[in-house]
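Descriptive analysis of the structure
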Amino acid sequence: LFGTIVWILVASTRVPLPVLQGWVMFVAVTAWFLSIVFLSVFLFGYANNIAVNWNQADFIFHGATFVFYFGAFLLQAATTSLHHFPRKFNSTTQERILTGHEYNISIAASV
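Residues numbered from 1 in each chain as written. Predicted model: local features only at pLDDT ≥ 70, side-chain atom pairs only at ≥ 80, totals over all residues. Heavy atoms only, no water.

1. Considerations on the packing of aromatic side chains
- Within this structure, the stated rule accounts for 9 aromatic pairs.
- Both rings, one in Phe 38 and one in Phe 61, keep their centres 5.3 Å apart while their planes meet at 50 degrees; by these two values the pair is tilted. In this pair, Phe 38 is assigned in helix H2 (residues 18–43) and Phe 61 in helix H3 (residues 54–81), connecting sequence segments 23 residues apart.
- What makes Phe 38 buried here is its relative accessible area of 15%.
- According to the relative accessible area criterion, Phe 61 is buried, its value standing at 16%.
- Ring centres of Phe 66 and Phe 70 lie 6.1 Å apart, and the angle between their planes is 25 degrees; on these two criteria the pair is classed as stacked. Residue Phe 66 and its partner Phe 70 are both found in helix H3; the two are separated by 4 residues, about one turn of the helix.
- Aromatic rings pair up to connect Phe 38, Phe 42, Trp 54 and Phe 61 into one cluster. (Phe/Tyr/Trp six-rings, centres within 6.5 Å; stacked < 30°, edge-to-face > 60°. Helix = DSSP H or I, 4+ residues; strand = E, 2+ residues; numbered from the N terminus. Buried < 20%, exposed > 50% of the residue type's maximum accessible area, 1.4 Å probe, protein only.)

Listed below in structure tokens is the structure:
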């Protein structure tokens, strides 16, 4: 659920730094997909047929997801913090990297 919300929030903003926000989207999509696979394994009873220590697998999965989501949070927060910088430094217009609405969406995606 939260991964889907991150997709929506990040995808609804103009992407000023594609590399940073691309990683955020990669983490959200990958974690969402693997969570669905993990849930399907348990719902359809495949967990009983596969000889794996599921407690350890769950711990490793959620630990890795935490590390990747924390890194994605840092990158999204770094992108959000650039709100006050102008888009073109040599221009006479002061167009911001993120508009006020996109700034609020980026804050929500960071959280």
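2. As for the packing of H3 against helix H4 (residues 100–110)
- H4 packs onto H3 with a crossing angle of 160 degrees between their chain directions and a minimal axis gap of 9 Å. Here H3 lies roughly antiparallel to H4, going by the angle between them. Here H3 and H4 pass one another in a crossing that is left-handed. Across from Phe 73, Gln 76, Ala 77 and Thr 80 in H3, the residues of H4 making contact are Tyr 103, Ser 106, Ile 107, Ala 109 and Ser 110.
- Split into classes, the residues belonging to the contact of H3 with H4 amount to 5 nonpolar, 4 polar and no charged. (Axes fitted to C-alpha atoms, helices over the stretch in contact; angles between N-to-C directions. Parallel < 35°, antiparallel > 145°, perpendicular 65-115°, else oblique. Left-handed = near helix turned anticlockwise from the far one by under 90°. Contact = heavy atoms within 4.5 Å. Nonpolar A, V, L, I, M, F, W, Y, C, P; charged D, E, K, R; others polar.)

3. Section: a nonpolar patch on the surface
- Among the surface-exposed residues, Leu 39, Leu 43, Phe 44, Tyr 46, Ile 50 and Val 52 lie close enough to one another that they form a single nonpolar patch of about 630 Å² accessible area.
- Along the polypeptide, Phe 44 turns up in the loop between H2 and H3.
- Residue classification places Phe 44 among the exposed residues on the basis of a relative accessible area of 61%. (Patch = residues over 30% accessible without salt bridge, like charges linked within 9 Å, V, L, I, M, F, W, Y side chains within 5 Å. Areas by Shrake-Rupley, 256 points an atom, 1.4 Å probe, with all protein chains shown as cover. Salt bridge = Lys/Arg side-chain N within 4 Å of Asp/Glu carboxyl O.)

4. Focus: the packing of helix H1 (residues 2–11) against H4
- Running from N to C, H1 and H4 cross one another at 155 degrees; their axes reach a closest spacing of 9 Å. Taken together, H1 and H4 sit at an angle that is classed as roughly antiparallel. For the pair H1 and H4, the crossing hand works out as left-handed. Counting all contacts with H1, which are made through Val 6, Leu 9 and Val 10, the residues of H4 involved are Ile 105, Ala 108 and Ala 109.
- Here the contact of H1 with H4 is built from residues that sort into 6 nonpolar, no polar and no charged.

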